[in-house]
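Overview (structure and organization)
Okay, here's what each chain looks like letter by letter:
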Amino acid sequence: MSERYKPIDMAETGPGAVRTAFANQVAYCRANDARVTARVVAALATLLDDPASEFARRIAGWEGAPLADALPLRAAGGLHALHLSGIADELAPIYADAEDINDAAIIAGAVHRHEAALLPWLDGPPQTNEAGRSSNFIAAMLWLADQGLPPLFDCLEIGSSAGINLMIDRYHYDLGGVQVGPRPGAMAFAPDWRGNHPPIHDIAFDGLKGCDVAPVDLTDPAQALRLKAYIWPEHHIRFARMEAAIAAATEEPPQLIRANAADFVEAELARPQTEGATRVLMHSIVWQYVPADQQARVTAAIEAAGARATAGRPLAWIALEANRTVHHHELVVRYWPDGGAPRMLGRSHAHGAWVEWLGSRQ
């Protein structure tokens, strides 16, 4: 096994783990076409050599698991916010991807001058909400319909952030030529599709509800700026999508509540399910942020509900989560009453630019 593909321990702690987290994030960004973000993270890592600021010392002495906590992206998000706010002009050459500049010196200077604004960005995990990932959700639902589950979906999302993926019934999708959703839609997605197209079915939604421990109100400019700061700057289309999501949420807000994942899943699975509807738990790039005790509760709750599932009231679990070893994302689905065996239906770019469909092999 090459060094690049050495298994990653998400729970690793300590100074060595901090350096590993930054190195892994650089590789992850490069593998997902995020050259500028990779430059910023690499420059931030040089602060560890001589942590001369409180910001650098907090990073170097991180007490948690820096990779699971997405520590590099917390720091990078703060710097991007400075750039987007126009209060750190010295960062402009990096975000313009200029050549022949000293990234480390520029980042160190920005940290020195704007440390008070940067420190709060270390206090919580990134708030990411990328609508492009929802192409995977739709493809998985088409596959579930092909397995004989009712194509009417009652969707529950954990880690919904601003609820952008709770508006998927308003978007249009071209998935390898398979058309789903209203035209033109509040947004339209046509990822680079690799492999066979997903099954062709008409699908509809019985409900779309989500939770987050710190839900974001897209109609609040300050909260929207926080989400924009976590958008990788080289992915310009994602900024356009964010504006489209803000417009859609302003017209009709998504159904989003403040709750942790375990409390939400337990409560929602306990409520009555419509006969002839498939209840779905779904999430994308969230699981690593859910504490281990809550992961256990979510898993126990859905497996218990799966044991009660019937052909008329089936249950499915759709997860699009990062494989930090190979730097891409895996679409894994379980469903009941079929027994709940995990099936990997595809691999995906971090933000949905491409999807490699494996569902036809299942």
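Further up the page is the structure itself.
As the structure is a computational prediction, the values presented were derived from the model and not from experiment.

Thoughts on the overall build of the protein chain
When you go through the protein chain residue by residue, the secondary structure sums to 12 helices and 12 strands. For the protein chain, whose C-alpha radius of gyration is 21 Å, the value lies close to the compact-globule estimate of 21 Å for 362 residues. Based on the C-alpha atoms only, the size of the protein chain along its principal axes is roughly 60 × 40 × 40 Å. The burial tally for the protein chain puts 55% of its 362 residues in the buried class.

Quick notes on the nonpolar core
Membership of the largest hydrophobic core comes to 47 residues, with the highest contact counts inside it found for M141, L144, I164, Y171, L218, M282 and I318. Looking at this core element by element, the count peaks at 8 residues for helix α8 (residues 134–146). Setting aside residues up to four positions removed in sequence, M282 forms contacts with F137, M141, C155, L156, E157, I158, N165, I168, L208 and I318.

A few points about the layout of surface pockets
The calculated volume of the largest pocket comes to roughly 460 Å³. What lines the largest pocket is a set of 28 residues, and nearest its centre among them are P125, G159, D212, V213 and Y289. Split into classes, the residues belonging to the lining of the largest pocket amount to 13 nonpolar, 10 polar and 5 charged.

Examining helix α9 (residues 221–229)
Turning to α9, its buried residues number three or more, namely A224, L227, K228 and A229. Looking at the buried residues of α9, the elements they touch are α4 (71–85) and α10 (236–251). One side-chain oxygen at the N-terminal end of α9 lies 3.0 Å from the backbone nitrogen of A222; it belongs to D220.

Considerations on the sheet that holds strand β10 (residues 328–336)
As summarised here, the arrangement of the 9 strands in space is β5-β12-β11-β10-β9-β8-β1-β6-β7, forming an open sheet in which the pairing is mixed. Looking at strand neighbours, the two that pair on one side only are β5 (192–194) and β7 (255–258), the edges of this open sheet. Each strand of the sheet is rotated relative to its neighbour by a mean of 20 degrees, with strand direction disregarded. As judged from the 3 bridges shared by strand β11 (residues 343–348) and strand β12 (residues 354–357), these two strands associate in the antiparallel manner. Directly across from S348, in β12, lies its bridge partner V355. Contacts from α8 reach β1 (152–157), β5, β6 (204–212), β8 (278–284), β9 (315–323), β10, β11 and β12, with the element oriented near 35 degrees to β10. Sheet strands touched by helix α12 (residues 292–308): β8, β9 and β10. Its angle to β9, the strand with the most contacts, is close to 150 degrees.

Description of the packing of aromatic side chains
For the structure shown, the criterion picks out 7 aromatic pairs. Where W121 meets Y230, the ring centres are 5.5 Å apart and the plane angle is 65 degrees; that geometry is what we call edge-to-face. Of this pair, W121 sits in the loop between α7 (115–118) and α8 while Y230 sits in the loop between α9 and α10, and the two are 109 residues apart along the sequence. Of the two residues examined, W121 and Y230, each falls in the buried class. Measuring from centroid to centroid gives 5.7 Å for W287 and W317, while their planes differ by 65 degrees, and the two rings are edge-to-face. Of the two residues, W287 sits in the loop between β8 and α12 while W317 sits in strand β9, which places them 30 residues apart along the sequence. Judged by relative accessible area, which is 9%, W317 ranks as buried. Over the aromatic face of W121 sits the side chain of R226, whose NZ or CZ is 4.7 Å from the ring centroid.

Looking at the packing of α9 against α10
Where α9 contacts α10, the axes come no closer than 11 Å and their chain directions differ by 150 degrees. By the criterion of interaxial angle, the relationship of α9 to α10 is roughly antiparallel. Here α9 runs over α10; the crossing is right-handed. On α10, the residues that touch A224, L227 and K228 of α9 are F239, M242, E243 and I246. Here the contact of α9 with α10 is composed, by residue class, of 5 nonpolar, no polar and 2 charged.

About the thresholds
Residues numbered from 1 in each chain as written. Predicted model: local features only at pLDDT ≥ 70, side-chain atom pairs only at ≥ 80, totals over all residues. Heavy atoms only, no water. Helix = DSSP H or I, 4+ residues; strand = E, 2+ residues; numbered from the N terminus. Rg over C-alpha atoms; globule rule 2.2 N^0.38 Å. Buried < 20%, exposed > 50% of the residue type's maximum accessible area, 1.4 Å probe, protein only. Core = buried A, V, L, I, M, F, W, Y, C linked by side-chain atoms within 4.5 Å. Contact = heavy atoms within 4.5 Å. 1 Å grid on protein atoms, 1.4 Å probe; cavity = no way out; pocket = protein on both sides within 12 Å on 5 of 7 lines; lining within 4 Å. Points joined across faces, edges and corners; volume = space filled by probe spheres on them. Nonpolar A, V, L, I, M, F, W, Y, C, P; charged D, E, K, R; others polar. Polar contact = N/O pair within 3.5 Å; in protein donor to acceptor, adjacent residues only side chain to side chain. Pairing = 2+ DSSP bridges. Axes fitted to C-alpha atoms, helices over the stretch in contact; angles between N-to-C directions. Phe/Tyr/Trp six-rings, centres within 6.5 Å; stacked < 30°, edge-to-face > 60°. Lys NZ or Arg CZ within 6 Å of the ring centre and 35° of its normal. Parallel < 35°, antiparallel > 145°, perpendicular 65-115°, else oblique. Left-handed = near helix turned anticlockwise from the far one by under 90°.

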